[in-house]
Amino acid sequence: MASWGMTRARTLHRVPRRPGLILGLLALSQVAVVALWWRWGWRIGLPAMLLTHLTVVWATLYPRATLLCPALSRLPTARREVWLTIDDGPSADTGPILDLLERHDARATFFLVGERAVAQPERVRDILRRGHGIGNHSASHPDTRFWRLGPAAMEDEIGRNQSLLTVVSGQTPRWFRSVVGMTNPFVGLSLKRHRLARVAWSARGFDGVDCDPDQVLARLTRDIAPGAIVLLHEGAAHGHNVEILARLLEWLAREGYATVVPSEPADSP
Ligand SMILES: [Zn+2]
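Predicted model only: the values in this text are computed from it and were never measured.

Engineer: Break down helix α4 (residues 94–103) for me, with residues and values.
Structural biologist: Taken together, the buried positions of α4 are T94, I97, L98, L100 and L101. Take α4 and look down its axis: the buried residues cluster within an arc of 160°, on one side only. Opposite the buried face of α4, by more than 90 degrees, sit the exposed residues E102 and R103. As for α4, its buried residues are in contact with β2 (81–89), β3 (108–112), α6 (121–129) and α10 (241–254). Taken from the residues just after α4, D105 is the one with a positive phi, measuring 55°.

Engineer: Mind laying out the pairing of β3, listing which residues take part and the relevant values?
Structural biologist: It is a general feature of regular strands that their side chains alternate between the two faces of the sheet. Taken across its five residues, β3 has five buried, putting it largely inside the fold. Alignment of β2 against β3, held across five bridges, turns out to be parallel. Bridged to D87 within β3 is F111. Traced from β2 through α4 to β3, the parallel crossover comes out right-handed. Pairing geometry for β3 and strand β4 (residues 133–136), over four bridges, is parallel. Along β4, the bridge assignment pairs F110 with I134.

Engineer: I'd love a proper account of the nonpolar core, names of residues and values included.
Structural biologist: Considering soluble globular proteins, one finds that nonpolar side chains tend to be buried as a cluster. In terms of nonpolar packing, the biggest core is built from 34 residues, with L84, L101, F110, I224, V230, L248 and L252 touching the most fellow members. Listing elements by their share of this core, those giving two or more residues are β2, α4, β3, α6, α7 (151–169), α9 (213–222), β8 (229–233) and α10. The element best represented in this core is α10, accounting for seven residues. Those residues within four positions of I224 in sequence are excluded, and the remaining contacts are V82, A203, V230, L248, W251, L252 and Y257. Core analysis: the second largest hydrophobic core is formed by 13 residues, L72, W83, F111 and A197 among them.

Engineer: Account for the pattern of salt bridges, with residues named and values stated.
Structural biologist: Under the definition given, this model contains 14 salt bridges. Here E102 and R130 are joined by a salt bridge, their closest N and O atoms 3.3 Å apart. Taken as a pair, E102 in helix α4 and R130 in the loop between α6 and β4 lie far apart in primary sequence, 28 residues in all. For E102, a relative accessible area of 53% corresponds to the exposed category. Here R130 falls in the partly exposed class, since its relative accessible area comes to 29%. Here E115 ties to R160 by a salt bridge, and the two come within 3.2 Å at their closest N and O atoms. Of this pair, E115 sits in helix α5 (residues 114–119) while R160 sits in helix α7, placing them 45 residues apart in sequence. A relative accessible area of 28% places R160 in the partly exposed class.

The rules behind the values
- Residues numbered from 1 in each chain as written.
- Predicted model: local features only at pLDDT ≥ 70, side-chain atom pairs only at ≥ 80, totals over all residues.
- Heavy atoms only, no water.
- Buried < 20%, exposed > 50% of the residue type's maximum accessible area, 1.4 Å probe, protein only.
- Helix = DSSP H or I, 4+ residues; strand = E, 2+ residues; numbered from the N terminus.
- Arc of directions from axis to C-beta.
- Contact = heavy atoms within 4.5 Å.
- Pairing = 2+ DSSP bridges.
- Right-handed = clockwise from strand over helix to strand, strands pointing away.
- Core = buried A, V, L, I, M, F, W, Y, C linked by side-chain atoms within 4.5 Å.
- Salt bridge = Lys/Arg side-chain N within 4 Å of Asp/Glu carboxyl O.

Structural measurements only, silent on function.
What follows is the structure in structure tokens.
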């Protein structure tokens, strides 16, 4: 268990600096497509259009793509340390998860959904009281729509969750996790406005959907290396999230891994 120094946290905590730039470039690429189409016809214009559109679709849907918005995918360390990140809470699993973490002297960051936090404020306060961090994982977790939200709807999900979590917990999150890992060109605008840095992951077991703890654990441990950011979930309908974490914590202890939570930038408002 360790906390990261402030200098390191500053370099890890990267708020998108010019999210408008990528939007401008995307608009420009479409002007170029129209120009190509007009000058050379559809044989050049159509492939150019498809190429630019597919690039944006790929960058939106591929969770580790950073074309549209920077993301932290692993910690730059050679030490056997991992950052546990737990999405989708709070939930009925939060209490048992906190007990487990305490038993293993482990720390984690909980990426919370605002509307769930408002309904279970005690669980949010427990997370902080017991020494863990919280992050922003949208206000309502619109998993089927998140990738195609426009700037206003995106701001409603990200900005509103900042307000909800601040009211419930007394702390303003500094980290953001995209819903189902999807990040369209508008995410960066809200992250900049709220001084949030996006966190992706380097190890995941699909424990949000898969109900076989053996398979989930095999997928997770295969990708765990020094500096891994581990994506976990709580409250999944299959009910195995706590068991998965228990077995992961045992594995980490056996393999000599410690858990770390990067400290938040000191210049936070
Ligand atoms: Zn989620």
